[in-house]
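# Close look at the chain arrangement
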Amino acid sequence: MTTTTATSTPGAPSGGAAPKLELRHVTKTFFPYSVNERTALDDVSLTMADGDFVTVIGSNGAGKSTLLSVVAGVFRPERGQVFIDGRDVTHLPEHSMARLVGRVFQDPMAGTAPDLTIEENMALAWHRGRRRGLGRGVTAAKRARFRDELAVMGLGLENRLTTQVGYLSGGQRQALSLIMAVFSRPSILLLDEHTAALDPARAELITRITEQEVASHRLTTLMVTHNMDQALRLGNRLILMHEGTIHLELTGQEKQTTTVDGLLDQFARRTGDLAADRTLLG
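Below or above, wherever it landed, is the structure these notes cover.

Rules used throughout
- Residues numbered from 1 in each chain as written.
- Predicted model: local features only at pLDDT ≥ 70, side-chain atom pairs only at ≥ 80, totals over all residues.
- Heavy atoms only, no water.
- Helix = DSSP H or I, 4+ residues; strand = E, 2+ residues; numbered from the N terminus.
- Buried < 20%, exposed > 50% of the residue type's maximum accessible area, 1.4 Å probe, protein only.
- Contact = heavy atoms within 4.5 Å.
- Areas by Shrake-Rupley, 256 points an atom, 1.4 Å probe, with all protein chains shown as cover.
- Axes fitted to C-alpha atoms, helices over the stretch in contact; angles between N-to-C directions.
- Parallel < 35°, antiparallel > 145°, perpendicular 65-115°, else oblique.
- Left-handed = near helix turned anticlockwise from the far one by under 90°.
- Nonpolar A, V, L, I, M, F, W, Y, C, P; charged D, E, K, R; others polar.
- Pairing = 2+ DSSP bridges.

Our next topic: the overall build of the chain. Across its full length, the chain holds nine helices and 10 strands. Here the chain holds 282 residues, and 50% of them are scored as buried. Taking as baseline every contact in the chain between residues at least 6 positions apart, the subset at least 24 positions apart corresponds to 69%. Total accessible area computed for the chain in this model is approximately 12800 Å², and 49% of it derives from carbon and sulfur atoms.

Structure follows, in structure tokens:
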């Protein structure tokens, strides 16, 4: 069994190559020095090699989304460091991180502008984190690239580039958000329960597109999910968080053969929460 504590650095690449993502002893506290003080991340260390696809599950308030927000530069930790491609990005502002990190949120409405067209949304994503001049936002070359990127989803959106995004379904908007997050080939892709708000059929569609895009572009991906079946099925590593720390990591054959019931049992044994169930890990 492969296990992880909050102060270890699992999955470190061999051969001296710089990790794609590395968190070193990261602590993030909200409302410090007040009666509402809450430590969301407690001395968390995590290392991801190029192409790693890590799924993250854990109890409510375990620090899963905070972990993603620290990587994205939304939150700055009180202690510890964040490295991407060997570069210390701990104190970079969020807008500077946009070139390095792509993120898809749980809410399909969060990643797109409803009053803009599909191609205008994609043009904004294309220029995220880049220097902007006075040229046209959507050129013929960009439009051709947008069509190519959208065509792989099989939803026909490549033929609707001038449609306002507000007219798309939730599943279509989430698919568009995913493509917008990956087509600039970020160093790190963050997926924050990005199928949770969708019905089962659309959630499975987005999951399929996610697998396809991550594999096709070999994207280093950190995905928070409330779905334990999904967490076990996707990716090459799984980490389980509880109360701001990493309590367990599964890799390789053990991840492939572990069942949801087995995962619940390991969670209960490692956290002491013998009442753990499927609803708790959400």
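With that settled, the discussion passes to the environment of Leu234. If you trace the backbone, Leu234 turns up in the loop between α7 (228-233) and β9 (237-242). Sequence separation of Leu234 and Thr55 is 179 residues, and the distance between their C-alpha atoms is 7.2 Å. In this view, Leu234 contacts Phe53, Thr55, Thr207, Glu211, Met223 and Lys255; residues no more than four positions away in its chain are not counted.

Okay, the packing of helix α5 (residues 170-182) against helix α6 (residues 200-217) next. Contact pair α5 / α6: the axes reach a minimum separation of 10 Å and the direction vectors enclose 15°. For the element pair α5 / α6, the angle class is roughly parallel. At the point where α5 passes α6, the crossing takes the right-handed sense. From α5, Gly171, Gln174, Ala175, Leu178, Ile179 and Val182 reach across to α6, where they touch Arg202, Ile206, Ile209, Thr210 and Glu213. When the residues that make up the contact of α5 with α6 are grouped by side-chain class, the tally is six nonpolar, three polar and two charged.

Right, let's get into the packing of helix α3 (residues 118-127) against helix α4 (residues 140-151). Between two packed helices, both the angle of their axes relative to each other and the distance between the axes serve to describe the pair. In contact at an axis separation of 10 Å, α3 and α4 are set at 100° when each is read in the N-to-C sense. In terms of orientation, α3 and α4 fall into the roughly perpendicular class. Packed against α3, whose contacting residues are Ile118, Glu119, Met122, Ala123, Trp126 and His127, the element α4 presents Lys142, Arg143, Arg145, Phe146, Glu149 and Leu150 at the interface. For the contact of α3 with α4, the per-class residue count stands at six nonpolar, one polar and five charged.

Spatially, β6-β7-β8-β3-β9-β10 is the arrangement adopted by the six strands of the open sheet, whose pairing is mixed. A single partner strand is all that each edge strand has here, and the edge strands are β6 (101-104) and β10 (245-251). When the angles between neighbouring strand axes are averaged without regard to direction, this sheet yields 20°. Pairing of β9 with β10, which is carried by six bridges, proceeds in the antiparallel orientation. Note that in β10 the partner of Leu238 across the bridge is Leu250. Sitting on the sheet, helix α9 (residues 260-271) is in contact with β3 (53-58), β9 and β10, with an inclination near 145° to β10.

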